[in-house]
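Here are the chains, one letter per residue:
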Amino acid sequence: MRLVVKVGTSTLAHSTGRLNIKRVEHLCKVLSDIKNSGVELVFVTSGAIGVGQGKLSMKERPSDLPTTQAAAAVGQCELMYTYDKLFGVYNHTVAQVLVTADDIEDENRKDNFMNTMLRLLQLDVIPVINENDSVSAHECVIGDNDTLSGIVAAAVGADLLIILSDVQGLYDSNPFNNPDAKLLRVVEKIGPEHFAAAEGTVSKLGTGGMVTKLMAAEIAVAAGCDMVIANGMNPDVLYDILEGKEVGTKFLSVRQNINREDNYGYNE
Ligand code: GLU
């Protein structure tokens, strides 16, 4: 099984922008265990700008491009140092892969990206992917890691994409405005009603919200990859998802819609 896990800034860092050490340690432990069970793992991490902001003791997310890119350069370094160390405890090797929109949109460059990713997986390495925020600007920006994770999941032919965030999943209306909003457990076909319900849900530390998660889901399911959005506050939720428990919101891939199968083979 090939799994892509994307984790957002609000899950990785405190509101100060400093790393949430307890959570990141727990996350790396669970991911290592899942990899040990035979799952091929690709990790899409956010947090470069947020963690850079924290490390540079900036009170707020920078608003100008050069400072944002400088913060990303600092934060990315801190992230990789942390992942290298924490996955290393469990004897796993990580590789940093930073991409820009050009790397995905240009066919030759996309081939290079896919070949590198597949070779890393063959080498039993965990690719850790982020957008190359310190050089991506304006015309060559993907802009959010939800979309990036959908692109990555499609490119590597993943079976499942899990997006861990600070929300429970997709609701039938915006839960910030509507206390009666209901969590949707399964989405078989993404429609305008889902985008309407997702409007206005943006996180403070990261850049995404539910709209970008839906965009990721559209890309993933069209490529035959299921997607789950779940709350990453407790990374053990990854075990529940892989065991087929009802967690967060699950988007069924086109393949799943034809042949419904809920067990990802994690415990087989
Ligand atoms: N690439 C950004 C970062 O690492 C995150 C983008 C997002 O929040 O989706 O800070």
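The text that follows walks through the structure, step by step, so that each part is easy to find. Remember, predicted model here, so these are calculated numbers, not experimental data.

## Here we look at the overall build of the protein
Line of reasoning, step 1. If you tally the helices and strands in the protein, you get 11 helices and 8 strands.
Line of reasoning, step 2. Over its C-alpha atoms the protein spans a radius of gyration of 17 Å, differing by no more than 12% from the 18 Å that the globule rule assigns to 268 residues.
Line of reasoning, step 3. Dimensions of the protein, computed from the C-alpha atoms along their principal axes, are close to 45 × 45 × 40 Å.
Line of reasoning, step 4. The 268 residues of the protein split such that 55% are buried.
Line of reasoning, step 5. The long-range fraction of contacts in the protein, counting pairs at least 24 apart against all pairs at least 6 apart in sequence, stands at 71%.
Line of reasoning, step 6. Just so you have it, the protein exposes about 12,200 Å², and 50% of that area is on carbon and sulfur atoms.
Line of reasoning, step 7. Each charge sign in the protein was given a centre, from 23 positive and 35 negative side chains, and these centres are 6 Å apart.

## Regarding the pattern of salt bridges
Line of reasoning, step 1. As enumerated under the stated definition, the model contains 9 salt bridges in all.
Line of reasoning, step 2. Between aspartate 124 and lysine 35 there is a salt bridge; the shortest N-O distance is 2.8 Å. Residue aspartate 124 is found in the loop between helix H6 (107–122) and strand S4 (126–131), and its partner lysine 35 is found in helix H2 (residues 21–36); the two are separated by 89 residues along the sequence.
Line of reasoning, step 3. In this structure lysine 35 comes out as buried when scored by relative accessible area, which is 9%.
Line of reasoning, step 4. Across the pair aspartate 103 and arginine 109 runs a salt bridge, and its minimum N-O distance is 2.7 Å.
Line of reasoning, step 5. With relative accessibility at 37%, the residue arginine 109 sits in the partly exposed group.

## Description of the state of the cysteines
Note on terminology: a disulfide is the covalent bond linking the sulfur atoms of two cysteines.
Line of reasoning, step 1. Applying the stated criterion across every chain yields a total of 0 disulfides.
Line of reasoning, step 2. The thiol sulfur of cysteine 28 is not disulfide-bonded, and the nearest other cysteine sulfur, from cysteine 77, lies at 16 Å.

Conventions used here
Residues numbered from 1 in each chain as written. Predicted model: local features only at pLDDT ≥ 70, side-chain atom pairs only at ≥ 80, totals over all residues. Heavy atoms only, no water. Helix = DSSP H or I, 4+ residues; strand = E, 2+ residues; numbered from the N terminus. Rg over C-alpha atoms; globule rule 2.2 N^0.38 Å. Buried < 20%, exposed > 50% of the residue type's maximum accessible area, 1.4 Å probe, protein only. Contact = heavy atoms within 4.5 Å. Areas by Shrake-Rupley, 256 points an atom, 1.4 Å probe, with all protein chains shown as cover. Lys, Arg positive; Asp, Glu negative; His and termini not counted. Charge placed at Lys NZ, Arg CZ, Asp CG, Glu CD. Salt bridge = Lys/Arg side-chain N within 4 Å of Asp/Glu carboxyl O. Disulfide = S-S within 2.5 Å.

Any functional reading would require information beyond the geometric quantities listed.
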